[in-house]
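Spelled out from the first residue to the last, the chains are:
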Amino acid sequence: MVDNYGRSITYLRLSVTELCNLRCRYCMPEDGVCKKRHEEMLTQEEMLTAIRAAASLGIRKLRVTGGEPLVKPNIVELCREAAATPGIEELCLTTNGTLLPKLAGPLKAAGVHRLNISLDTLEPDKYRYITRRGELAQAIAGIEAALDAGFDKIKLNTVLIGGFNDDEIPALADLTRRWPVDLRFIELMPMVDGEFGPQAFLPCAAVLEALPEAEPTADDGVARLYRLPGALGSIGLISPLSQHFCGSCNRIRVTADGKIKPCLHAAAEYSLKGLDPEGMRAVMRDAIRNKPAAHLPLSAREPSRAGRSMNEIGG
Ligand code: SAM
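This text gives an overview of the structure that appears in the document. (Residues numbered from 1 in each chain as written. Predicted model: local features only at pLDDT ≥ 70, side-chain atom pairs only at ≥ 80, totals over all residues. Heavy atoms only, no water.)

This part takes up the pattern of salt bridges. Tallied over the full model, the rule gives 26 salt bridges. For R60, the salt bridge is made with E89, and the minimal N-O distance between the two is 3.9 Å. Of this pair, R60 sits in the loop between α1 (44-56) and β2 (61-65) while E89 is found in the loop between α2 (75-83) and β3 (90-95), placing the two residues 29 residues apart along the sequence. Overall, R60 belongs to the partly exposed group, its relative accessible area being 30%. A relative accessible area of 57% places E89 in the exposed class. Notably, a salt bridge pairs E168 with K126, separated by 2.9 Å at the nearest N-O pair. With E168 in the loop between β5 (154-160) and α6 (169-173) and K126 in helix α4 (residues 124-131), this residue pair connects regions lying 42 residues apart in the sequence. Accessibility expressed as a relative area gives 4% for E168, which makes it buried. Here K126 falls in the buried class, since its relative accessible area comes to 15%. (Salt bridge = Lys/Arg side-chain N within 4 Å of Asp/Glu carboxyl O. Helix = DSSP H or I, 4+ residues; strand = E, 2+ residues; numbered from the N terminus. Buried < 20%, exposed > 50% of the residue type's maximum accessible area, 1.4 Å probe, protein only.)

This part is about the nonpolar core. Residues L62, I75, L107, L156, F185 and I260 are the most contacted members of the largest nonpolar core, which totals 79 residues. In contact with I260, other than residues within four places in its own chain, are I252, R253, V254, A268, E269, Y270, L272, V283, M284 and A287. (Core = buried A, V, L, I, M, F, W, Y, C linked by side-chain atoms within 4.5 Å. Contact = heavy atoms within 4.5 Å.)

On a regular strand, each side chain points to the face opposite its neighbour's, so the side chains alternate between the two faces of the sheet. Direction of pairing for strand β7 (residues 215-216) relative to strand β8 (residues 223-227): antiparallel, over a ladder of two bridges. Note on β8: the bridge partner recorded for E215 is R227. Connecting β7 to the antiparallel partner β8 that follows it, the hairpin turn spans six residues, and G221 within it adopts a positive phi of roughly 100°. Pairing geometry for β8 and strand β9 (residues 235-238), over four bridges, is antiparallel. Within β9, the position partnered with L225 by the bridge is G236. (Pairing = 2+ DSSP bridges.)

Looking now at the packing of aromatic side chains. Summed over all chains, the structure comprises one aromatic pair. Centroid distance Y129 to F164: 6.1 Å. Interplanar angle 35°. Geometry classified as tilted. Of the two residues, Y129 is situated in helix α4 and F164 in the loop between β5 and α6; the sequence distance between them amounts to 35 residues. Using a relative accessible area of 7% as the deciding quantity, one classes F164 as buried. Lying over the aromatic face of Y11, K61 brings its terminal NZ or CZ to 4.4 Å of the ring centre. (Phe/Tyr/Trp six-rings, centres within 6.5 Å; stacked < 30°, edge-to-face > 60°. Lys NZ or Arg CZ within 6 Å of the ring centre and 35° of its normal.)

Our focus in this paragraph is the environment of E144. On the secondary structure map, E144 appears in helix α5 (residues 136-148). E144 sits 43 residues away from P101 along the chain, and the two C-alpha atoms are 8.0 Å apart. Each residue touching E144, except ones within four places of it in the same chain, is listed here: R178 and W179.

Listed below in structure tokens is the structure:
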């Protein structure tokens, strides 16, 4: 479908759960989420109906996210059904990686094409701090399991946090020499439950200052791409604050409680819960038509109007 501003909407990000086994400080509160009632959440069947409805309207790329998608029971089955949906050409999944040692093989066999794995630091103490509980070794084992399972074009997502991981930019970038992976540095978005204030915001330009040897290569839509000499993968800079990409945004999001969000940083939501396939298609059409031209200015001092934390929306 084409929205009112001529953008072709071909990409759905579906959050399959709000729950997570980590508690990243910029993403969700320490005590987790206020658990919604089971009846408020989309059932697995409703998620599949939503995927089919979206595919029939022209969605071609699906990203499964969360919360942490791999804590959802039956995630492999959901991915298998999603991959087999007519029209879905690319199935991707975003994860913190800690459960991949067990699940990378089954996800690959189920038809997941690509993985994004979040990794904000290479120091075990800092990993424990930022995730409030995680073990770096598990995330690294997850990346290695994904490579062993045959995933290619793996992306590692690093949120840039001033005073936390700016000193690690060269070491993180060096991962593109150690593994055939693309590393993407993402500017910290000021979300409702984020713990960091404006002083932690670091523009992507800081990456280039820390990596003078990085050479620009072709861009891939939302990311500006660079490469280190001798590297196996690229380095991408994603700048939702310093250079937003609303003009070419081709995505909608569906939350685990069944709300379509046509824009990550706007409050508008359209409910899919309890609808039949035709009802879902009608609501999706409406949401796509009403996708805003751009979100309101977002800066380290002007927080997102999303009205939800990232784990409730799906990053
Ligand atoms: N649990 C999975 C994971 O860790 O990748 C998927 C969900 S997580 C919400 C998806 C992505 O959103 C992660 O890469 C995370 O770093 C990113 N994210 C969460 N909060 C963010 C924020 N305030 N600014 C920028 N990125 C954020």
